[in-house]
Amino acid sequence: MVQVITYTRMRERSRAQKLARQTHGSAGYDLANGTAERIPIHPGKHVVVRTGIRIDIPSGYEAQIRSRSGLAAKNGIMVLNSPGTIDSDYQGEVCVILYNGGSDLFWVEPGARIAQMVINKLPDVELTEVVTGDLFMEESER
């Protein structure tokens, strides 16, 4: 059964791109710079890039924001908190924290693909604390 997830392109973000996979076998949906501005990322610095997208993640799912391998390999540009997580109760705009690990100034062009978003179903788990006599357990040897 296919899970339908809705999203909206925010009107105030004129460059917001339609979410799409580049190929049939792609795991992620491309996210792009949704602003009309060129955004500089200096070496060793990070910026928050707005996508102009809001997504309605259903309960029991998450969206992970990941680096694009081409940007990382060619320019040292990566998602700083990779993978970033969008929880089902988040209702704001999807933003991407990009970090420049390269040695050159990098410009994020309007509409440029900057990251990928992968949707995951979460397992239904319950964590239960196990109380032992010693609250500070010794590390076991392997």
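Provided above is the structure to which this section pertains.
In this report, we go over the structure that sits alongside the text. Keep in mind that what you see is a predicted model, and the values were worked out from it rather than measured.

Calculation criteria
Residues numbered from 1 in each chain as written. Predicted model: local features only at pLDDT ≥ 70, side-chain atom pairs only at ≥ 80, totals over all residues. Heavy atoms only, no water. Helix = DSSP H or I, 4+ residues; strand = E, 2+ residues; numbered from the N terminus. Buried < 20%, exposed > 50% of the residue type's maximum accessible area, 1.4 Å probe, protein only. Areas by Shrake-Rupley, 256 points an atom, 1.4 Å probe, with all protein chains shown as cover. Lys, Arg positive; Asp, Glu negative; His and termini not counted. Charge placed at Lys NZ, Arg CZ, Asp CG, Glu CD. Core = buried A, V, L, I, M, F, W, Y, C linked by side-chain atoms within 4.5 Å. Contact = heavy atoms within 4.5 Å. Phe/Tyr/Trp six-rings, centres within 6.5 Å; stacked < 30°, edge-to-face > 60°. Lys NZ or Arg CZ within 6 Å of the ring centre and 35° of its normal. Salt bridge = Lys/Arg side-chain N within 4 Å of Asp/Glu carboxyl O. Pairing = 2+ DSSP bridges. Axes fitted to C-alpha atoms, helices over the stretch in contact; angles between N-to-C directions.

## Notes on the overall build of the chain
Move 1: Scanning the chain for helices and strands turns up one helix and 10 strands.
Move 2: Traced from its N-terminal end to its C-terminal end, the chain shows the element sequence β-β-β-β-β-α-β-β-β-β-β.
Move 3: Its C-alpha atoms give the chain principal-axis dimensions of roughly 60 × 40 × 30 Å.
Move 4: Per-residue burial for the chain yields a buried fraction of 32% across its 142 residues.
Move 5: Of the roughly 9800 Å² that the chain leaves accessible, carbon and sulfur atoms contribute 50%.
Move 6: Between the mean site of the 16 positive side-chain charges and the mean site of the 17 negative ones, the chain shows a separation of 17 Å.

## Side note on the nonpolar core
Move 1: In terms of nonpolar packing, the biggest core is built from 25 residues, with Leu 31, Ile 65, Val 96, Leu 98 and Met 117 touching the most fellow members.
Move 2: Elements supplying a minimum of two residues to this core: strand S3 (39–41), strand S4 (46–55), strand S5 (61–67), strand S6 (77–79), strand S8 (93–100), strand S9 (106–108) and strand S10 (113–121).
Move 3: Ranked by residues supplied to this core, first place goes to S4 with four residues.
Move 4: Not counting the four nearest positions on each side in its chain, Leu 98 is found in contact with Ile 41, Lys 45, His 46, Val 47, Val 49, Ile 77, Met 78, Val 79, Val 108 and Ile 114.

## Section: the packing of aromatic side chains
Move 1: A full pass over the atoms with the stated rule returns zero aromatic pairs.
Move 2: The lysine or arginine in question, Arg 38, covers the ring of Trp 107, its NZ or CZ lying 4.3 Å from the ring centre.

## Re unusual backbone geometry
Move 1: Cis geometry is found at the peptide bond from Ser 82 to Pro 83, where omega equals -5°.
Move 2: Tracing the sequence through the fold places Pro 83 in the loop between S6 and strand S7 (84–86).

## Structural notes on the pattern of salt bridges
Move 1: Scanning all chains against the criterion turns up four salt bridges.
Move 2: The residue Asp 30 makes a salt bridge to Arg 113 at a minimum N-O spacing of 3.1 Å. Of this pair, Asp 30 sits in strand S2 (residues 29–32) while Arg 113 sits in strand S10, and the two are 83 residues apart along the sequence.
Move 3: By relative accessible area, which is 12% here, Asp 30 ends up buried.

## A closer look at the sheet that holds S2
Move 1: Strand order in the open sheet made by the four strands is S2-S10-S5-S7, with antiparallel pairing throughout. Edge positions in the sheet fall to S2 and S7, since each has one partner strand and no second. Ignoring strand direction, the axes of neighbouring strands in this sheet form an average angle of 35°.
Move 2: Sheet topology note: the S5/S10 ladder contains seven bridges and is antiparallel. Across the sheet, the residue bridging to Gln 64 is Val 118, located in S10.

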